[in-house]
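Structural overview for review
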Amino acid sequence: MKLLHVVPEDGMGGVEVAAKSAAGRPDLGCDVSMLFFLSDRGAARTGLADRLGFLSWRTLSAYPRAFRAIRRRGAEVIVFSLWKSVPLLIAARFLLRARVVYFLHLEVPTHRIDAWLSQLAIRLAHGVWADSEATLRGRGVAAGKPARVISFVTERLEPIAPPRLAPRFVSWGRLSEQKGLDRAVELIALLAARGVDASFTAYGRDDGERAGLVALAERLGVADRVSFPGQVAREERARAAADNAFFLQLSRYEGMCMGAVEGMQLGLVPVATAVGQMAVYVRDRETGLAVDPADLPRAADALIALLADPDRYAALSQAARRWWRDAPLYAEDVCRAARELVFKPSTDASRSRAALNE
């Protein structure tokens, strides 16, 4: 069975990383390929997600070319991600015989155009996939719509060595307002004010926030404790985890948050806000620490208590790893969902939930 995943650009986000993990694999029982219709040269999505400034004759003319490419592929299931792909979804829904899927990756729309186009895509698609139950709820996917949560565990990760308890925090993702890195800097400042020798390394592409974050760290007196070294290569994540003890993710909104998932697999204890699917897998004092962003002093106190309890930290680290040990891989789950959509009546697949959400 052929599955084609249509994504606007070959960027560095979780959408693209996950999709690439399934493409071209001969062991899946389905043939997964990808189409980047606006840019296939690694262009970042910086700034394009929240405005229409990307529109030009060049980008608009990419749509008919992309539709011709989609038709030539002859896929039985066509998956469309992100709001810029919705015009192609509409064309495929009415002009092709393939089953059409709209894939949601965030629990809230990024702007009104996203909200409007995504609602249209949800109504027209044969099925809706999402990275988390929180995303399906947040986007208002009706209970009767064939919908499924897809596992965003893209690979099995093993730590180089068990993490050592120390006030060292790390994250990898994007330097964007969504990711709440300003809150993370404030938390580091609170810990430093309490005499904790805390440090925070935030890897990731700059989506326009780095300069403000550096200025905030300087204003709070923690410029020497906070660093933004740019993107970390995927093969270097285990090394980055080995140098730290906590994965700090104080996002304002999320879907699955692949970075936190990867950090937990590597034994890092997540310190996170209860948004998106993190509200499910970051169980306060069971698999990590849940943070109320309106009460960062309380989070600082909880961290100080944990830093004084190595046994408790080790238990949380082990629980974080166990949480994802048996989760299906993204590539496997995508093929399973595609077969379900093709071979099962839609009434039987009205709302399939992945085991990782239970």
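**Comments concerning the overall build of the chain**
Check the secondary structure of the chain and you find 13 helices and 13 strands. For 358 residues, the compact-globule estimate of 2.2 N^0.38 gives 21 Å, and the C-alpha radius of gyration of the chain, at 21 Å, lies within 12% of that figure. The long-range share in the chain, meaning contacts at least 24 apart out of those at least 6 apart in sequence, stands at 75%. Carbon and sulfur atoms make up 51% of the accessible area of the chain, which amounts to about 15400 Å² in all. Between the mean site of the 49 positive side-chain charges and the mean site of the 41 negative ones, the chain shows a separation of 7 Å.

**A look at the sheet that holds strand β8 (residues 199–206)**
One open sheet holds the six strands; their spatial order is β9-β8-β7-β10-β11-β12, and the pairing between them is parallel. Every other strand in the sheet has two partners, leaving β9 (226–230) and β12 (289–291) as the edge strands with one partner each. Within the sheet, the average angular offset between the axes of one strand and its neighbour, ignoring direction, is 25°. The pairing of strand β11 (residues 269–273) with β12 spans three bridges and is parallel. Among the inter-strand pairings, A272 is bridged to a residue of β12, identified as A290.

**A word on the pattern of salt bridges**
Evaluation of the coordinates by the stated rule reveals 18 salt bridges. Salt-bridge contacts for R139 lead to D114; the nearest nitrogen and oxygen are separated by 3.6 Å. Of this pair, R139 sits in the loop between α5 (133–138) and β6 (147–149) while D114 sits in helix α4 (residues 112–124), and the two are 25 residues apart along the sequence. Judged by its relative accessible area of 8%, R139 falls in the buried class. Note on D114: relative accessible area 5%, which makes it buried. A salt bridge links R285 to D284; the shortest N-O distance between them is 2.6 Å. Taken together, the shared-partner salt bridges in this structure form one network comprising R148, D333, R336 and E340.

**Topic: empty space enclosed by the protein**
The full count for this structure, using the stated rule, is two cavities of 30 Å³ or more. Here the second largest cavity is characterised by a volume of approximately 40 Å³. Around the second largest cavity, the lining residues are S171, W172, G173, R174, K179, L181, Y203 and Q249. Each residue belonging to the lining of the second largest cavity can be placed in one class, and the counts come to three nonpolar, three polar and two charged.

**Remarks on the side chain of T287**
Inspection of the secondary structure puts T287 in the loop between α10 (278–281) and β12. A polar contact is formed between the side chain of T287 and the backbone oxygen of Y281, at a distance of 2.6 Å. Here R283 takes part through its backbone nitrogen, which lies 2.8 Å from a polar atom of the side chain of T287. With residues near it in sequence (within four places) discarded, T287 still touches M264, P270, Y281, V282, L316, A319, A320 and W323.

**Topic: the environment of I78**
Inspection of the secondary structure assignment puts I78 in strand β3 (residues 77–81). Classification of I78 by relative accessible area gives buried; the value is 1%. For the pair formed by I78 and A211, sequence separation is 133 residues and the distance between their alpha carbons is 40 Å. Every residue in contact with I78, bar those within four places of it in the chain, is listed here: L4, V6, I70, A92, L96, A98, R99, V100 and V101.

Definitions and limits used
- Residues numbered from 1 in each chain as written.
- Predicted model: local features only at pLDDT ≥ 70, side-chain atom pairs only at ≥ 80, totals over all residues.
- Heavy atoms only, no water.
- Helix = DSSP H or I, 4+ residues; strand = E, 2+ residues; numbered from the N terminus.
- Rg over C-alpha atoms; globule rule 2.2 N^0.38 Å.
- Contact = heavy atoms within 4.5 Å.
- Areas by Shrake-Rupley, 256 points an atom, 1.4 Å probe, with all protein chains shown as cover.
- Lys, Arg positive; Asp, Glu negative; His and termini not counted.
- Charge placed at Lys NZ, Arg CZ, Asp CG, Glu CD.
- Pairing = 2+ DSSP bridges.
- Axes fitted to C-alpha atoms, helices over the stretch in contact; angles between N-to-C directions.
- Salt bridge = Lys/Arg side-chain N within 4 Å of Asp/Glu carboxyl O.
- Buried < 20%, exposed > 50% of the residue type's maximum accessible area, 1.4 Å probe, protein only.
- 1 Å grid on protein atoms, 1.4 Å probe; cavity = no way out; pocket = protein on both sides within 12 Å on 5 of 7 lines; lining within 4 Å.
- Points joined across faces, edges and corners; volume = space filled by probe spheres on them.
- Nonpolar A, V, L, I, M, F, W, Y, C, P; charged D, E, K, R; others polar.
- Polar contact = N/O pair within 3.5 Å; in protein donor to acceptor, adjacent residues only side chain to side chain.

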